[in-house]
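Observations on the model geometry
Chain by chain, the residues:
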Amino acid sequence: MTDIVVLGSTNMDLVTYVEKAPQRGETVTGREFRTIPGGKGANQAIAAARAGGDVSMIGAVGNDAFGTRLRSTLEHSGVDTDDLRTVEGPSGTAHIVVDDEGGNAIVVIPGANGTLDHLSPGDEGVIASADLLLLQLEIPLPAVVAGAQAARRHGVRTVLTPSPAQPLPDELLIAVDLLVPNEHEATTLTGRTDPREAAIGLLDLVPEVVVTLGAAGSLYVARGADPVTVPAPKVAPVDTTGAGDTFVGALAVARGEGRPMREALAWAAAAAALSVQREGASASMPYRPEIEARYA
Ligand code: ADP
Ligand code: NA
């Protein structure tokens, strides 16, 4: 099994479904409300564990009911939560209003995630014991940098999902092995709208880049090699939330097992295709046997 450590966010998504979102000063009656465990860190951890990785999560939840549920959701999918801290105060929440045209408006309150501005004693040892460290940008940047640098000191490879997209400091980039933006993030980071040009531009910053292209699959570029495009299986999408996290989690497992990049990308695409055919983010993430069947 691949040893994967995820350093990142946990959030409870508080999702309100309404015909039309209210304007300022307006009150409307919505149709439905759901609480859905999420956060990019937790989602990647769940995706990787279900795909067959041996996964630990470094993060923080609040000492509230959401924190208890976020922890048990991770554990249910087989994620080791020994290094998931419970801190005083609320868990991270994302307040999401989804309208009938599928548009959404989101307010994120970092809560416990905001306390993760440094590594704790013991985190470096956990990172050192892994094959791969998965990072995103939903916790304070100093902790992301510290995690990447700890990985570098111990020869652990790092995969960064640059979401939410923001300028990346050199001290982080120097410790990143693989960057996995979606098209929008690749454009934000480079100012280039063509994914291939954006991907090649990002090679100035890191040695390997995978740009995810939604239904069009993914594009892989590495220094000194020809770009590779790997298509996604053709499926009818139901809910693409978390597709990118499913893709990254599965890709990490496949790479950790030593699969060549092209094969790992096809395997990750199989996992992500399964997840988009079902409702929900983490709830829709496939387990290894399903991925193997879809990939075969
Ligand atoms: P994000 O979810 O971060 O916005 P993408 O939309 O690029 O990222 O999706 C990530 C991956 O999920 C894609 O590379 C692809 O493999 C898969 N995927 C997303 N949408 C679809 C779709 N409609 N059909 C099949 N696969 C999809
Ligand atoms: Na889904």
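Up top is the structure.
Okay, so let's go over this structure.

Reading guide: rules and limits
- Residues numbered from 1 in each chain as written.
- Chains lettered and ligands numbered in written order.
- Predicted model: local features only at pLDDT ≥ 70, side-chain atom pairs only at ≥ 80, totals over all residues.
- Heavy atoms only, no water.
- Helix = DSSP H or I, 4+ residues; strand = E, 2+ residues; numbered from the N terminus.
- Buried < 20%, exposed > 50% of the residue type's maximum accessible area, 1.4 Å probe, protein only.
- Pairing = 2+ DSSP bridges.
- Axes fitted to C-alpha atoms, helices over the stretch in contact; angles between N-to-C directions.
- Contact = heavy atoms within 4.5 Å.
- Donors = N, O, S within 2.8 Å, 3.2 Å for Na, K, Ca; no water.
- Phe/Tyr/Trp six-rings, centres within 6.5 Å; stacked < 30°, edge-to-face > 60°.
- Lys NZ or Arg CZ within 6 Å of the ring centre and 35° of its normal.
- Near = heavy atom within 4 Å.
- Polar contact = N/O pair within 3.5 Å; in protein donor to acceptor, adjacent residues only side chain to side chain.
- Areas by Shrake-Rupley, 256 points an atom, 1.4 Å probe, with all protein chains shown as cover.
- Nonpolar A, V, L, I, M, F, W, Y, C, P; charged D, E, K, R; others polar.
- 1 Å grid on protein atoms, 1.4 Å probe; cavity = no way out; pocket = protein on both sides within 12 Å on 5 of 7 lines; lining within 4 Å.
- Points joined across faces, edges and corners; volume = space filled by probe spheres on them.
- Salt bridge = Lys/Arg side-chain N within 4 Å of Asp/Glu carboxyl O.

1. Digging into the environment of T188
With respect to the helices and strands, the residue T188 is situated in helix α6 (residues 183–190). What makes T188 partly exposed here is its relative accessible area of 46%. Sequence spacing of T188 and A165 is 23 residues, and the spatial spacing of their C-alpha atoms is 6.6 Å.

2. Section: the sheet that holds strand β2 (residues 11–18)
Taken in spatial order, the four strands line up as β3-β2-β6-β7 in an open sheet, and their pairing is mixed. The sheet is open, and its two borders are formed by β3 (32–38) and β7 (104–109), each paired with just one other strand. Strand-to-strand twist across the sheet, computed as the mean angle between neighbouring axes with direction ignored, equals 20°. Relative to β7, strand β6 (residues 93–99) runs antiparallel, the two being bridged by six bridges. Within β7, the position partnered with I96 by the bridge is I106. Of the strands in this sheet, β2, β3 and β6 are in contact with helix α2 (residues 65–76), which crosses β3 at around 55°.

3. Focus: the environment of G155
With respect to the secondary-structure elements, G155 resides in the loop between α4 (141–153) and β9 (157–160). The exposed category is assigned to G155, whose relative accessible area is 64%. Separated by 24 residues in sequence, G155 and D131 have C-alpha atoms that sit 8.5 Å apart.

4. Quick notes on the coordination of the sodium ion (ligand 2)
In the first shell of the sodium ion (ligand 2), the protein supplies D239 (O), S275 (O), R278 (O), G280 (O) and S284 (OG), at 2.4 to 2.7 Å from the metal. Sequence positions of the donors to the sodium ion (ligand 2) reduce to the motif D-x35-S-x2-R-x1-G-x3-S. With a gap of 41 residues between them, D239 in the loop between β13 (228–230) and α8 (243–256) and G280 in the loop between α9 (261–276) and α10 (288–295) connect regions that are remote in the sequence. By relative accessible area, D239 is classed as buried at 15%.

5. Quick word on the packing of aromatic side chains
As enumerated under the stated definition, the model contains zero aromatic pairs in all. Just above the ring of Y295 sits the side chain of R259; from NZ or CZ to the centre is 5.8 Å.

6. Brief notes about the site of ligand 1
Surrounding ligand 1, one finds 15 residues, the nearest of these being N182, T212, G214, G217 and G244. Residue T212 places a side-chain N or O atom 2.7 Å away from an oxygen atom belonging to ligand 1. For ligand 1, whose unbound accessible area comes to 550 Å², protein coverage reaches 83%. Elements with a contribution of two residues or more to the shell around ligand 1: α8 and α9. Taken together, the residues of the shell around ligand 1 break down into 10 nonpolar, five polar and no charged.

7. A short note on the sheet that holds strand β1 (residues 3–7)
The nine strands are arranged β5-β4-β1-β8-β9-β10-β11-β12-β13 in an open sheet whose pairing can be described as mixed. Since the sheet does not close on itself, it has two edges, and those belong to β5 (84–87) and β13, each with one partner. Together, β10 (178–179), β11 (208–212), β12 (218–222) and β13 form the strand contacts of helix α7 (residues 195–202), whose direction differs from that of β12 by roughly 35°.

8. A short note on empty space enclosed by the protein
The final tally for this structure, using the stated rule, is one cavity of 30 Å³ or more. The volume enclosed by the largest cavity comes to roughly 40 Å³. Lining the largest cavity are P37, G38, A42, N43, I46, L70, T73, L74 and S282. Breaking the lining of the largest cavity down by element, the ones donating at least two residues are β3, α1 (40–50) and α2. The residue makeup of the lining of the largest cavity, split by class, is five nonpolar, four polar and no charged.

9. Let's talk about the pattern of salt bridges
Evaluated as defined, the whole model comprises 12 salt bridges. Taking the shortest distance from any N to any O, the salt bridge between D100 and R31 comes out at 2.3 Å. Of the two residues, D100 sits in the loop between β6 and β7 while R31 sits in the loop between β2 and β3, which places them 69 residues apart along the sequence. R31 sits in the exposed class, given a relative accessible area of 53%. R259 is the salt-bridge partner of E257, the closest N and O atoms lying 3.8 Å from each other. Salt bridges sharing common partners tie together E257, R259, E263, R288 and E292.

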